[in-house]
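Residue-level structural notes
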Amino acid sequence: MAIITKIEIANFFGKGNFVWDLDPQVNILGGKNGSGKTSILRICYSLLSNTIINNKQDDFFSKLFDNVCLTFDNGWSLVWNKKNSEDTVRDDAFSFFDEKKEKITAEDWKNEIQVFYLNTFEQRLYQVHQYEKLFSVNKIDDSVLLDLMIKDQINIRNGFISKIAEKIVSQREKGVGNPIETLVYYTKLYLKIFKSLEKFFVDYDKPFESDFSFKKKGEIIGVEGLSMGEKQILLILLMVSNTENSPCIFFMDEPDLSMHIDWKEILVTELHKLNPNMQIILSTHAPSVITGWHDCVKEVEQLIRK
């Protein structure tokens, strides 16, 4: 799987050219409100996930910058051009190229690049719409929304575990592979999240339950009984855990929003432990409190070349 080595955005907000050389593991972007942190992550994720599919969204980006180029460690590059974004054929607006400048098919780059995105505010707005349609209701508040998002991630996790159980049974029946090694590997993988939970849920009894209910002084507390901040960190940890240690790119737009300073300090380290093969590209208003990754911090204004 490929990761991003450089993000280049021409005429960024009319201020100059934005150029960010990325670390293969952790990248932290700071900046003032309105500096463009969210826009940078949005355009990159949108291009990579194939979600810019109409002229309206292309028009939004064309007001912010002229073109975007993402460079990858396998020699590929993705280029989006403002001058082509008004065309009716979307493929004219952006394209993937290999090191020989030959075009790459959408199927090829989707197989090579796995990408995820977390934006607390925008993602909630999107999910609210989806859940309201699903349950035929007019309003879902933030607390209930987080409950539903967490339960979706738990269901994804349980689906993975079921597939692994089937794989182990199949290995034993067919006499292929090593079912014991498979069991040990995936048991360690799926238990990693509980080590992280211990760092955040310090006031709760341990060990934590496999269904992600918690205990405090012997009283069982389900997901619904957690605070908003606790639900938010549980959701983030589940989303990262569900990448299953696979190489991937994970954009995170202010995941530490509303977190206590103690959580902010350890957040990146715990996410990296959950999946050390993941490239984190994260924006935050508080890069100074993140412990252990200060060399990976850049401010938006530092990266603009005039």
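Anyway, here's the lowdown on the structure attached to this text.

Turning to the pattern of salt bridges, a few remarks are in order. Scanning the entire structure with this criterion turns up seven salt bridges. A salt bridge links Lys-15 to Glu-301, with the nearest nitrogen and oxygen atoms 3.5 Å apart. Taken together, the positions of Lys-15 in the loop between strand 1 (4-10) and strand 2 (17-21) and Glu-301 in the loop between strand 13 (297-299) and strand 14 (304-305) put the pair 286 residues apart, joining distant regions of the chain. Residue class for Lys-15 comes out partly exposed when judged on its relative accessible area of 34%. The partly exposed category is assigned to Glu-301, whose relative accessible area is 46%. Of the charged contacts, one joins Glu-270 and Lys-199 as a salt bridge, the two residues approaching to 3.2 Å between their closest N and O atoms. Of this pair, Glu-270 sits in helix 8 (residues 261-274) while Lys-199 sits in helix 6 (residues 179-200); the two residues are 71 residues apart in sequence, bridging distant segments of the chain. Using a relative accessible area of 4% as the deciding quantity, one classes Glu-270 as buried. On the basis of relative accessible area, Lys-199 is assigned to the partly exposed category, the value being 40%.

It is worth spelling out the side chain of Ser-283 at this point. Position of Ser-283 relative to the elements: it lies in strand 12 (residues 278-283). Residue class for Ser-283 comes out buried when judged on its relative accessible area of 0%. Among the polar contacts listed, one links the side chain of Ser-283 to the side chain of Asp-253, at a separation of 2.5 Å. In this structure, Ser-283 is in contact with Leu-29, Lys-37, Leu-41, Met-252, Asp-253, Glu-254, Pro-255 and Asp-256, ignoring residues within four places of it in sequence.

Across all of its chains, the model carries 21 aromatic pairs by this definition. Considering the side-chain rings of Tyr-45 and Phe-251, the 6.5 Å spacing of their centres and the 70° angle between planes classify their relative orientation as edge-to-face. With Tyr-45 in helix 1 (residues 37-48) and Phe-251 in strand 11 (residues 248-253), this pair connects stretches of sequence that are 206 residues apart. Cluster of aromatic residues (ring-pair linked, three or more members): Phe-12, Phe-13, Phe-18, Trp-20, Phe-65 and Trp-80.

The next thing to look at is the sheet that holds strand 1. Note: strands within a sheet are paired through backbone hydrogen bonds, in either parallel or antiparallel orientation. Taken together, seven strands build an open sheet; the order of strands is 7-6-5-4-1-2-14 and the sheet is antiparallel. Both outer strands of the open sheet, strand 7 (103-104) and strand 14, are each paired with one neighbouring strand and no more. Bridging between strand 6 (residues 94-97) and strand 7 involves two bridges; their strand directions are antiparallel. When the bridges of strand 7 are listed, Phe-97 appears paired with Lys-103. Against the sheet, helix 1 makes contact with strand 1, strand 2, strand 4 (67-72), strand 5 (77-81) and strand 6, and its axis sits at roughly 70° relative to strand 4, the strand it touches most.

Reading guide: rules and limits
- Residues numbered from 1 in each chain as written.
- Predicted model: local features only at pLDDT ≥ 70, side-chain atom pairs only at ≥ 80, totals over all residues.
- Heavy atoms only, no water.
- Salt bridge = Lys/Arg side-chain N within 4 Å of Asp/Glu carboxyl O.
- Helix = DSSP H or I, 4+ residues; strand = E, 2+ residues; numbered from the N terminus.
- Buried < 20%, exposed > 50% of the residue type's maximum accessible area, 1.4 Å probe, protein only.
- Polar contact = N/O pair within 3.5 Å; in protein donor to acceptor, adjacent residues only side chain to side chain.
- Contact = heavy atoms within 4.5 Å.
- Phe/Tyr/Trp six-rings, centres within 6.5 Å; stacked < 30°, edge-to-face > 60°.
- Pairing = 2+ DSSP bridges.
- Axes fitted to C-alpha atoms, helices over the stretch in contact; angles between N-to-C directions.

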